[in-house]
Amino acid sequence: MSFSTLYLPWILLSAVWLAEIDMHLTHRRSEDFFAAGLVFRLQCNRYRQNVSVFWSRVSGPRLENLSGVSIRDDDLWFLPVQLNHSGQYSCFSRKGNETWETIFDVFVHNETCPRRNREDDVKSTNVLRCLLSHIFELDPSAQVTWRNNCQPLSGNYGTVFPINRSPERVGLYSCFVNFTFEGENFSAAQTTEIYNQVIVVTRPEIIYPRQDTHAVTLGESTEVSCKALVGENDMDETDIYWISDIDDLDLNYESTTLEESGRKYMLSVLSIPEVTAEYLYVNLTCLVQHPAGTVSGTVQLIPESPKHYRLGLGLAAVLALLMVLATVALIFRVDLVLAFRDVCPSAAACNDGKSYDAYVSYLHGDQLSSSTAMTFALRFLPAELEDLYGYKLFISGRDELPGEAVHEVVADRMSRSRRLIIVLTAQSQSDVSQKALLSEAGMQMQESCSVYEQRVGLYDALVKQGLKVILVQVEDGVEEAQLPESLRFIWRTRGILRWRTNAGDRANRRFWKRMRYLMPPRQRH
């Protein structure tokens, strides 16, 4: 059973289980700039749309028992704030299975001017703006006055105040807004601290989108990214969010800040889990809001053209075909290689100056248990490879000339061979025959396996000459752990072929096919 078949049901069940779990996040904010007698507003879902909001007081009297406190458009208003309004307020939001809770620690001070609630994040060189747009929405004719360190300033400046950064003029500046709401007169204020140093503000810049389109497929999910350069501005006064032409269109996005090459950016990713017709051809606007100015970029979702769709299907079909061909080639690689050698023998073979296609080594001599290896090496192997397929073999114990020095024969014949075939039996690893293991070229040595490998140069042949070794097991009972280290390395890296002694030609057909695959292409001798 495949991995996907075994674990897919559990993965699906886990996904369903996780989908039922409420994802809850808690955020805490401290608000210590409230001045008694002024109007203030608390917001906890400035940019989330279609969210259910519930306000409560964490401790003390309930909200409905507090005079001057009301909920308007999911915001908590203090009309005006009083000393007994100090405390903790909870804004609980829900959208689907996801919930957020923001706890505000509110401290009300008995002062005329609110404490600093906005630093000079604008870092402007010439003007300071009164950012109380929500008050002007209640009363467009509201009147604005300014104070420096809570001392009234003469002059009618409106919502924009010219900044003089001389040492005697720096400090706290408050804009007071007197307005009428539901027949009652109220005042609201905002305080900003102005510093002496002059820092040029960087106006945000939309990198993408500008006026773009994004091809989508109905019924599928999609993501649209908005990236803006914000320069050296303070991130606390910079917001990035998405809006649309349709008020009830569900927009979910995540915003992050990042730095690239020493420059600050903001990135907001709009995620649409399922594209429906209502999202098409609608202006989705990414807004970057900063006291120095607001910039925006717009993107529209359009249906993917049939041409692109057909191209995508064609590419997918080609990719699937290539994967199928690669799988077939992997499964039938032995048959494909052998077929190529038969069809194009001249292209498969190369003249490398070798004299033999393989050097055959096996345990031979007077031992009775070595008869299986001798039978295979002297009878079956040459009958198949030499007689049927024209390979030229040097078989130890068969092809040496009388009077030749054993060590010289082994080294010379191996260096002139393209492969080394080692025939293994249970006798090859027994304690009785450890000193006679791998007696290439008919040597009857009374030496250990490691000494023999050093003399013959088996490991040197693998590393230095690139001689490829084919291990053949012709008896049961051959264990990898009992073999010399060099043979264990070959077994682990290149495998071993198993020949069935008492089986017929049909049973050993796969063995001979693998043997021919591991052998080099036939040479013209």
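Everything discussed here concerns the structure shown above.
Residues numbered from 1 in each chain as written. Predicted model: local features only at pLDDT ≥ 70, side-chain atom pairs only at ≥ 80, totals over all residues. Heavy atoms only, no water.

## Looking at the environment of Phe34
Right, on to step 1. Relative to the assigned elements, Phe34 resides in strand S1 (residues 23-35).
Right, on to step 2. Considered as a pair, Phe34 and Gln82 are 48 residues apart in the sequence and their alpha carbons are 9.0 Å apart. (Helix = DSSP H or I, 4+ residues; strand = E, 2+ residues; numbered from the N terminus.)

## Regarding the layout of surface pockets
Right, on to step 1. Quantified by volume, the second largest pocket comes out at close to 420 Å³.
Right, on to step 2. Around the second largest pocket, the lining comprises 17 residues; the ones closest to its centre are Arg494, Ile496, Leu497, Arg514 and Leu518.
Right, on to step 3. Mapped onto the lining of the second largest pocket, the elements with two or more residues apiece are strand S26 (468-473), strand S27 (497-498) and helix H11 (509-518). (1 Å grid on protein atoms, 1.4 Å probe; cavity = no way out; pocket = protein on both sides within 12 Å on 5 of 7 lines; lining within 4 Å. Points joined across faces, edges and corners; volume = space filled by probe spheres on them.)

## Quick look at the packing of helix H4 (residues 333-343) against H11
Relative placement of two packed helices is described by the angle separating their axes and the distance separating the axes.
Right, on to step 1. For the pair H4 and H11, the least separation of the axes is 10 Å and the interaxial angle reads 60°. The angle between H4 and H11 places the two elements in the oblique class. When the axes of H4 and H11 are compared, the crossing they make is left-handed. In this structure, H4 contributes Arg333, Val334, Asp335, Val337, Leu338, Arg341 and Asp342 to the contact, and H11 contributes Lys513, Arg514, Arg516 and Tyr517. (Axes fitted to C-alpha atoms, helices over the stretch in contact; angles between N-to-C directions. Parallel < 35°, antiparallel > 145°, perpendicular 65-115°, else oblique. Left-handed = near helix turned anticlockwise from the far one by under 90°. Contact = heavy atoms within 4.5 Å.)

## Some points on the state of the cysteines
Right, on to step 1. Summed over the entire model, instances satisfying the criterion amount to 3 disulfides.
Right, on to step 2. Through a disulfide, Cys226 is tied to Cys286; the S-S separation comes to 1.9 Å. Judged by the sign of its S-S torsion, about -80°, the bond between Cys226 and Cys286 is left-handed. In this pair, Cys226 sits in strand S17 (residues 222-229) while Cys286 sits in strand S21 (residues 284-290), placing the two residues 60 residues apart along the sequence.
Right, on to step 3. The buried category is assigned to Cys226, whose relative accessible area is 0%. (Disulfide = S-S within 2.5 Å. Buried < 20%, exposed > 50% of the residue type's maximum accessible area, 1.4 Å probe, protein only.)

## A closer look at the packing of helix H6 (residues 371-388) against H11
Right, on to step 1. It is the contact of H6 with H11, at a shortest axis distance of 11 Å, that shows an interaxial angle of 75°. One way to sum up the angle between H6 and H11 is to call them roughly perpendicular. Seen from H6, the contacting residues are Phe376, Phe380, Leu381, Glu384 and Leu385; seen from H11, they are Phe511, Trp512, Met515 and Arg516.
Right, on to step 2. Looking at the contact of H6 with H11 residue by residue, the classes come out as 7 nonpolar, no polar and 2 charged. (Nonpolar A, V, L, I, M, F, W, Y, C, P; charged D, E, K, R; others polar.)

## Regarding H6
Right, on to step 1. With 18 residues, H6 should cover 26 Å at 1.5 Å per step; its first-to-last C-alpha distance of 24 Å lies within 8% of that length.
Right, on to step 2. Where H6 bends most, at Pro382, the angle is about 45°.
Right, on to step 3. Of the surrounding secondary structure, the elements contacted by the buried residues of H6 are strand S23 (358-362), strand S24 (393-395), strand S25 (419-424), S26 and H11. (Expected span 1.5 Å × (residues − 1). Bend = angle between axes of the 7 residues up to and from the residue.)

## Observations concerning the sheet that holds strand S15 (residues 205-208)
Right, on to step 1. Pairing is antiparallel across the open sheet formed by 4 strands, whose spatial order is S15-S17-S20-S19. Each edge of the open sheet carries a strand with a single partner, namely S15 and strand S19 (252-260). For this sheet, the mean inter-axis angle between neighbouring strands, taken without regard to orientation, is 25°.
Right, on to step 2. With 3 bridges joining them, S15 and S17 adopt antiparallel strand pairing. Within the sheet, the bridge partner assigned to Glu205 lies in S17 and is Leu229. (Pairing = 2+ DSSP bridges.)

## Focus: the nonpolar core
Right, on to step 1. If you look at the biggest cluster of nonpolar residues, it comprises 26 residues, and the most contacted ones within it are Ile206, Trp242, Leu270, Leu284 and Leu301.
Right, on to step 2. Only S17, strand S18 (239-244), strand S20 (263-272), S21 and strand S22 (293-303) provide two or more residues apiece to this core.
Right, on to step 3. The element best represented in this core is S21, accounting for 4 residues.
Right, on to step 4. Residues within four places of Leu301 in sequence aside, it is in contact with His214, Val216, Val224, Ile272, Tyr279, Leu280, Tyr281, Val282 and Leu284. (Core = buried A, V, L, I, M, F, W, Y, C linked by side-chain atoms within 4.5 Å.)

## So, the pattern of salt bridges
Note on pairing: side chains with opposite charge can pair once their charged atoms come close.
Right, on to step 1. One pass over the full model with this rule turns up 11 salt bridges.
Right, on to step 2. In this structure, Arg413 engages Asp412 in a salt bridge whose closest nitrogen and oxygen atoms are separated by 2.6 Å.
Right, on to step 3. Judged by its relative accessible area of 27%, Asp412 falls in the partly exposed class.
Right, on to step 4. Each of Glu386, Arg398 and Asp399 takes part in one network of salt bridges that share partners. (Salt bridge = Lys/Arg side-chain N within 4 Å of Asp/Glu carboxyl O.)

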